[in-house]
Amino acid sequence: MIGVLAGLFRNQGLIILLNVYFNPIVNAAQTIGQQIYGVVNQLISNVYIASRPQITKYHSQRNDINMWRLIFLSGKIAYFLMLIIVIPLFICIDFILHKWLGNVPPYTSIICRLLLISLLIETFTNQLFGGFQATNRLKKVQSISSTILLLNIPVSYLILKFYTVVQLPYLVIIIISILYSCSIIYVARIDLCMSVRMFLRELFIPTFLVLITAPIIPVVVFLSIKEGWSSCVATILSSIVSVFICIWIFGITRCERNKLKTIIKRKLR
C-alpha cells in the first residue's frame, strides 16, 4: 500500500509541477509517456505474481538457497521479456507515436524514452520484493524505498525554479530510480541476508550484458532502412532475434543452457 501511494504521489506531483512551469501540451506528453510506462510495467508484473507463491513456499520450508535462486531467475526472465518489448519501442517510438496519435505533442518521445530508462533501472531489483513478502518484512523496505521515490517532487521543484527545462524532472526520476534500487539491495542484504555477490552474478550482470548488447543489431537495422512500416517491422523482428541471441550468450548459465537444450530436443522428438 505504501509503495502504491508513493508511486501515485510521485506521478500526480509531477503533473502538478509540469502544470506550474510548462503549458498543458507538456502534461499531455507526460500522460502518454505514463500510459506506455504503465502498460510495460504491468506486463512484467505478471511474471512476479506467478512466482511469488513458490518463493513463499521455499521460505516456509527453510530452503533459502532455492528461494533466492527463484527470485533471481524470475527477475531475470521478467527483465528479458521486458527487453523484447522495450528495445523496439525505444528505437521506433517516434514512428509508433505518429501512427498512434497522428498529432504528437512536443517532448513526448523523449519523455517516453526517459521513463522507460527509469523502468529498466527499477526492474533490476523489483523482484527482490518477493523475498520481503515471503519473510513478511515489507514495512522497512517500503518505507525507505517509498521515501526515496517521493524525493522526486521536491528535488524537481528546486531544479525547475532555476532551470525550466522539460527533461530535467525525468533525469531526476532516473537518478531517483538508481537510489531506489540501491536502497532495496541494501535492505535485502541487511534484513534478509541476501548475498550481494549472488545477486550480481545471477541477476544483475547477465541482464546488464544483454541490455547493452541486444540493441546493437536493431539500431543498425533501423538506421539502414528508411523510416516507415518496413523499418519498424524489421526493427521489431531483429530485436526479438537479437535479444534471444544475447540471452543465449550472456543471459543464462551453462547449466541453464544445457537444460534448455534438453527441453528443446525433447520437444522436437
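Residues numbered from 1 in each chain as written. Predicted model: local features only at pLDDT ≥ 70, side-chain atom pairs only at ≥ 80, totals over all residues. Heavy atoms only, no water.

**Q** Lay out the overall build of the protein with the relevant residues and their values.
**A** Of regular secondary structure, the protein possesses 13 helices and 0 strands. For the protein, the sequential pattern of α-helices and β-strands runs α-α-α-α-α-α-α-α-α-α-α-α-α. A buried classification covers 46% of the 269 residues belonging to the protein. Restricting the contact set of the protein to residue pairs at least 6 apart, pairs at least 24 apart contribute 80%. Approximately 14,200 Å² of the protein is accessible, and the part contributed by carbon and sulfur atoms is 68%. (Helix = DSSP H or I, 4+ residues; strand = E, 2+ residues; numbered from the N terminus. Buried < 20%, exposed > 50% of the residue type's maximum accessible area, 1.4 Å probe, protein only. Contact = heavy atoms within 4.5 Å. Areas by Shrake-Rupley, 256 points an atom, 1.4 Å probe, with all protein chains shown as cover.)

**Q** Tell me about the pattern of salt bridges, residues and numbers included.
**A** Inspection of every chain in the model, using the stated rule, returns 4 salt bridges. D94 is paired through a salt bridge with R113; the nearest N and O atoms lie 3.5 Å apart. Of this pair, D94 sits in helix α4 (residues 93–101) while R113 sits in helix α5 (residues 108–126); the two residues are 19 residues apart in sequence, bridging distant segments of the chain. D94 sits in the partly exposed class, given a relative accessible area of 40%. A salt bridge links K140 to D191; the nearest nitrogen and oxygen atoms lie 3.4 Å apart. (Salt bridge = Lys/Arg side-chain N within 4 Å of Asp/Glu carboxyl O.)

**Q** Which residues make up the packing of aromatic side chains, and what are the values?
**A** Tallied over the entire structure, the rule returns 9 aromatic pairs. The interplanar angle of 50° and the centroid separation of 6.2 Å between the aromatic rings of F129 and F132 together place this pair among those described as tilted. Taken together, the residues F129 and F132, both in helix α6 (residues 129–134) and 3 residues apart, mark about one turn of the helix. One aromatic cluster is present, formed by W68, F72, Y79, F124, F199, F204 and F208 through successive ring pairs. Stacked on the ring of F90, the Lys or Arg R113 has its end atom at 5.5 Å from the ring centre. Over the ring of W248 we find R257, and its NZ or CZ is 5.9 Å from the ring centre. (Phe/Tyr/Trp six-rings, centres within 6.5 Å; stacked < 30°, edge-to-face > 60°. Lys NZ or Arg CZ within 6 Å of the ring centre and 35° of its normal.)

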